[in-house]
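# Working through the structure, step by step
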Amino acid sequence: MDKKEKELREQICDIGKNLFNKDFIAANDGNISARLSGSEILATPTATSKGYLTPESIVKLDLDGNIIEAQEGVKPSSEVKMHLRCYKEMEECNGVVHAHPPYATGFAIKGEVLDKATMPEVVIAMPEIPLAEYGCPSTEEIPDSVEPYFGKYEAVLLESHGALTWGDTLMNAYFNMERLEYIAKLTFITRAIGGERELPKNRIDELVALRPQYGK
Ligand SMILES: [Zn+2]
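Residues numbered from 1 in each chain as written. Predicted model: local features only at pLDDT ≥ 70, side-chain atom pairs only at ≥ 80, totals over all residues. Heavy atoms only, no water.

### A look at the coordination of the zinc ion
For clarity, the threshold we go by: Any N, O or S atom lying within 2.8 Å of the metal counts as a donor, with the limit raised to 3.2 Å for Na, K and Ca; because water is left out of the atom set, some sites can appear incomplete. Burial status follows relative accessibility: with a 1.4 Å probe on protein chains alone, a residue under 20% of its type maximum counts as buried, one over 50% as exposed, and anything between as partly exposed.
Note on the zinc ion: its protein donors are His 98 (NE2), His 100 (NE2) and His 161 (NE2). The metal-donor distances range over 2.1 to 2.2 Å. When the donor residues of the zinc ion are listed from N- to C-terminus, their spacing reads H-x1-H-x60-H. On the basis of relative accessibility, which here comes to 0%, the residue His 98 falls in the buried class.

### Things to note about the pairing of strand β5 (residues 95–99)
As a reminder of what qualifies: The helix and strand labels rest on DSSP assignments: H or I over at least four residues marks a helix, E over at least two residues marks a strand, and numbering proceeds from the N terminus. Pairing between strands is defined by DSSP: at least two bridges between them are needed.
Of all five residues that make up β5, five are buried, and the element is covered over most of its length. Taken together, the four bridges between strand β1 (residues 31–37) and β5 define a ladder with antiparallel strand orientation. Across the sheet, residue Ile 32 finds its bridge partner in β5, namely Val 97. Judged from the five bridges that link them, β5 and strand β8 (residues 162–167) form a sheet pairing that is antiparallel. Looking at β8, one finds that Val 96 is bridged to Trp 166.

### Re the nonpolar core
In plain terms, the rule: As used here, the term nonpolar core means buried Ala, Val, Leu, Ile, Met, Phe, Trp, Tyr and Cys residues forming a set that is joined through side-chain atoms within 4.5 Å. Any two residues whose heavy atoms approach within 4.5 Å at even a single point are treated as in contact.
Residues Ile 12, Leu 19, Val 97, Leu 157, Leu 170, Met 177 and Leu 180 are the most contacted members of the largest nonpolar core, which totals 33 residues. Those elements that place two or more of their residues in this core are α1 (3–21), β1, β5, α3 (102–110), β7 (155–158) and α6 (170–192). At seven residues, the largest contribution of residues to this core is made by α6. In this structure Leu 19 touches Phe 24, Ile 25, Ile 32, Val 97, Ala 99, Tyr 174 and Met 177, once residues within four positions along its chain are discounted. Within the second largest apolar cluster, 22 residues are counted, among which are Met 82, Cys 86, Met 90 and Phe 150.

### What about the packing of α3 against α6?
Two quantities define a packed helix pair, namely the angle between the axes and the distance from one axis to the other. We count it as follows: Axis lines are fitted through C-alpha atoms, for helices just across the contact stretch, and the angle between N-to-C directions can take any value from 0 to 180 degrees. For classification purposes, angles smaller than 35 degrees are called roughly parallel, those larger than 145 roughly antiparallel, those between 65 and 115 roughly perpendicular, and all remaining angles oblique. Classes in brief: Ala, Val, Leu, Ile, Met, Phe, Trp, Tyr, Cys and Pro nonpolar; Asp, Glu, Lys and Arg charged; the others, Gly included, polar.
The N-to-C vectors of α3 and α6 enclose an angle of 75°; their axes lie 7 Å apart at closest approach. Here α6 runs roughly perpendicular to α3, going by the angle between their axes. Residues Pro 102, Tyr 103, Ala 104, Phe 107 and Lys 110 of α3 touch α6, and the partners they reach there are Leu 180, Glu 181, Ala 184, Lys 185, Thr 187, Phe 188 and Arg 191. Residues that form the contact of α3 with α6 fall into these classes: seven nonpolar, one polar and four charged.

### A closer look at the side chain of Glu 79
So the rule is basically this: Asp and Glu are treated as the negative residues and Lys and Arg as the positive ones, with His and the ends of the chain left uncounted. The rule for a salt bridge is simple: a side-chain nitrogen of Lys or Arg has to be within 4 Å of a carboxyl oxygen of Asp or Glu. Nitrogen and oxygen atoms within 3.5 Å of one another constitute a polar contact, given that in protein one can donate a hydrogen and the other can accept it, and given that sequence-neighbouring residues count only through two side-chain atoms.
Structurally, Glu 79 is set in the loop between β4 (67–69) and α2 (80–89). For the buried Glu 79, no salt bridge is present, and the opposite-charge side chain at shortest range is Lys 50, 7.6 Å distant. Of the polar contacts made by the side chain of Glu 79, one reaches the side chain of Asn 31; its length is 3.0 Å. Discounting chain neighbours no more than four positions away, the residues touching Glu 79 are Asn 31, His 98, Pro 137, Ser 138 and His 161.

In structure tokens, the structure reads:
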């Protein structure tokens, strides 16, 4: 196993622990993947808590979902199809994270897009979190529902289900999940205290001008 594969396997385990410790997933929920090479993907196994992954339990797949390497009896997540669609359709995508973070999932169940210009980091890094239409897990319905957002977004709510994020690196895909949940949580909190409001237009414009400096 080369250095890159070893590091990616370890990073998947670290991110699994973070998702678990942050309450972004319960029991065996959620899944994480990373692109190892053009057509080789590393993905979390099915029926395993992502808080207790081991590097050896990670499954190696091709872009069609065929297993290249796995521990005996270990299968990839049944939700891996939405990950594979991300890699197939976006050359620049090298990491994908799926979780059910509670505030974001609350908005996904309600069916509300998060698009309010509440604070600078939101306007600069993630001004809109769209809502992908409900699809049955493990079918092609979810990949089909998220594909329209490829290339324009890196974080989407999955209607009545959870959230999916991706990025040019696995770490950025994970950070997008953190940011998505943070925005959902702040939206919930500001509404709870009756204080939700947006930045004025001229302040939004100056933040939009700053976006290139932040590499997004
Ligand atoms: Zn799920």
